[in-house]
Amino acid sequence: MMAPRPSKTAKHSSQETAHARRVDPLETAQFAQHAKDWWDPQGSMAMLHEINPTRMGYIRQMLSGPQPQEKPLKGMRICDLGCGAGLVSLALSRLGADVTGLDATAALILAGQQQARTEGLPVTFLHMTSDQLAAEGTVFDHLVCLEMLEHVPDPQSIIDDAAALLRPGGTAIFSTLNRTTKSFFGGILFAEYLAGWVPRGTHQWRRFIKPDELIEMTKKAGFQAKDVTGMSYDPLRGIFHLSDDQSINYFLTVEKQT
């Protein structure tokens with residue numbers, strides 16, 4: 001006997017549940033407010049502009065090594081999951097990658113598309129969730145998901161989607177904030193309320209993720225951890241840099257098992 005097909009109501013309910021695990025409407029609404037000045041280095045997302053060189057240095061190191069090539073990522077198909085308005089997406093494209101930026105906030109996707117046109121870069125921006133893209137069977141060589149996991153209700157679902165979007169042996173690079181006392185004071189009180197580096201209310205400390213928790217999540221999704229590196233701020237030089245200190249911001253690089 002054939003099993004009954006799921007009703008349209010049941011299917012719709014399942015889709016709503018999947019969406020709710022991946023998207024917090026309050027978060028997307030908040031980020032949408034900053035779409036117009038996202039690309040302004042002095043605007044509300046100034047912090048992202050400040051850390052982007054450090055982020056790109058780490059990504060380049062993990063994906064291509066230290067070779068001083070002009071286009072070190074040429075030929076690589078890379079997904080920027082939770083791309084915002086495309087700071088990383090466009091930077092990856094400048095390094096030669098074939099980039100697809102994915103975000104659940106429509107205003108940010110539009111801002112990314114406009115900036116890509118302005119710079120003449122062939123970046124594909126998609127307003128959809130990671131499970132929707134994975135359901136289409138799209139596969140990438142590598143994936144980056146930066147400063148995004150701490151903004152979603154269920155980070156494990158995003159990591160599972162990342163695995164589905166990668167070819168076997170592909171690399172995924174995540175960055176997020178550690179859930180420590182230091183990150184509460186440095187990542188929220190100082191960054192949001194004292195220094196004004198990011199808009200107030202950007203982060204919820206309870207959603208920060210410890211490195212061992214993130215490694216376990218990626219392991220469940222079929223990844224093997226390759227590297228964990230911290231990112232620190234040097235107040236004397238006024239710059240961000242890679243470090244062994246993972247107490248506030250950190251990167252995790254993993255490889256999808258074959």
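Here goes a summary of the coordinates provided.

Cut-off values and rules
Residues numbered from 1 in each chain as written. Predicted model: local features only at pLDDT ≥ 70, side-chain atom pairs only at ≥ 80, totals over all residues. Heavy atoms only, no water. Core = buried A, V, L, I, M, F, W, Y, C linked by side-chain atoms within 4.5 Å. Buried < 20%, exposed > 50% of the residue type's maximum accessible area, 1.4 Å probe, protein only. Helix = DSSP H or I, 4+ residues; strand = E, 2+ residues; numbered from the N terminus. Contact = heavy atoms within 4.5 Å. Pairing = 2+ DSSP bridges. Axes fitted to C-alpha atoms, helices over the stretch in contact; angles between N-to-C directions. Right-handed = clockwise from strand over helix to strand, strands pointing away. Salt bridge = Lys/Arg side-chain N within 4 Å of Asp/Glu carboxyl O.

In this structure, Trp 38, Ile 59, Leu 73, Leu 92 and Ile 173 are the most contacted members of the largest nonpolar core, which totals 39 residues. Residue assignment for this core shows that the elements contributing at least two residues are helix 3 (46–64), helix 4 (87–94), helix 5 (106–119) and strand 4 (140–146). No other element matches the 7 residues that helix 3 contributes to this core. Not counting chain neighbours up to four residues away, the residues in contact with Ile 173 comprise Tyr 58, Ile 59, Met 62, Leu 63, Leu 143, Val 144, Cys 145, Leu 146, Phe 251, Leu 252 and Thr 253. In terms of nonpolar packing, the next biggest core, distinct from the first, is built from 28 residues, Leu 81, Leu 133, Leu 143 and Ala 221 among them.

In this section: the sheet that holds strand 8 (residues 249–256). Judged by pairing direction, the sheet is mixed, and its 8 strands sit side by side in the order 3-2-1-4-5-8-6-7 without closing on themselves. A single partner strand is all that each edge strand has here, and the edge strands are strand 3 (124–127) and strand 7 (239–243). Between one strand axis and the next, the sheet turns by 20° as a mean value, whatever way the strands run. When strand 1 (residues 77–81) meets strand 4, the two strands line up parallel, connected through 3 bridges. Bridged to Asp 80 within strand 4 is Val 144. Contacting strand 1, strand 2 (98–103), strand 3 and strand 4, helix 4 crosses the sheet at an angle of about 175° to strand 2.

All right, on to the pairing of strand 6 (residues 223–234) then. Direction of pairing for strand 6 relative to strand 8: antiparallel, over a ladder of 8 bridges. Across the sheet, Gln 224 pairs through a bridge with Glu 255, a residue of strand 8. The pairing of strand 6 with strand 7 spans 5 bridges and is classified as antiparallel. In the strand pairing of strand 7, Gly 230 is matched with Ser 243. Hairpin remark: strand 6 followed by strand 7, antiparallel, with 4 residues in the connecting loop; positive phi at Gly 238, about 70°.

Another point: the pairing of strand 5 (residues 166–177). When you tally the buried positions in strand 5, you get 9 out of 12 residues, the bulk of the element. Pairing between strand 4 and strand 5: 6 bridges, direction parallel. Its bridge partner being in strand 5, Cys 145 is matched across the sheet by Phe 174. This β-α-β element, strand 4 to helix 7 (residues 155–165) to strand 5, shows right-handed connectivity. Both strand 5 and strand 8 contribute to a ladder of 7 bridges, which runs antiparallel. Note on strand 8: the bridge partner recorded for Leu 177 is Asn 249.

For the structure on display, the rule yields 12 salt bridges. When the shortest N-O distance is used, the salt bridge between Arg 21 and Asp 154 registers 3.0 Å. On the criterion of sequence distance, the pair formed by Arg 21 in helix 1 (residues 8–22) and Asp 154 in the loop between strand 4 and helix 7 is long-range, its members being 133 residues apart. Since its relative accessible area comes to 34%, Arg 21 is described here as partly exposed. Between Arg 207 and Asp 24 there is a salt bridge, and its shortest N-O distance comes to 3.0 Å. Placement of Arg 207 in the loop between helix 8 (181–194) and helix 9 (211–220) and of Asp 24 in the loop between helix 1 and helix 2 (25–32) is noted, with a sequence separation of 183 residues between them. In this structure Arg 207 comes out as buried when scored by relative accessible area, which is 14%. Residue classification places Asp 24 among the buried residues on the basis of a relative accessible area of 11%. A single salt-bridge network, built from bridges that share partners, covers Arg 22, Asp 131 and Asp 161.

Now for the environment of Phe 208. As for its placement among the helices and strands, Phe 208 is situated in the loop between helix 8 and helix 9. A residue is classified by how much of its surface remains accessible, and Phe 208, at 1% relative accessible area, is buried. When the C-alpha atoms of Phe 208 and Gln 132 are compared, they prove to be 25 Å apart, with 76 residues separating the residues in sequence. With residues near it in sequence (within four places) discarded, Phe 208 still touches Glu 150, Leu 177, Asn 178, Arg 179, Ser 183, Ile 188 and His 203.

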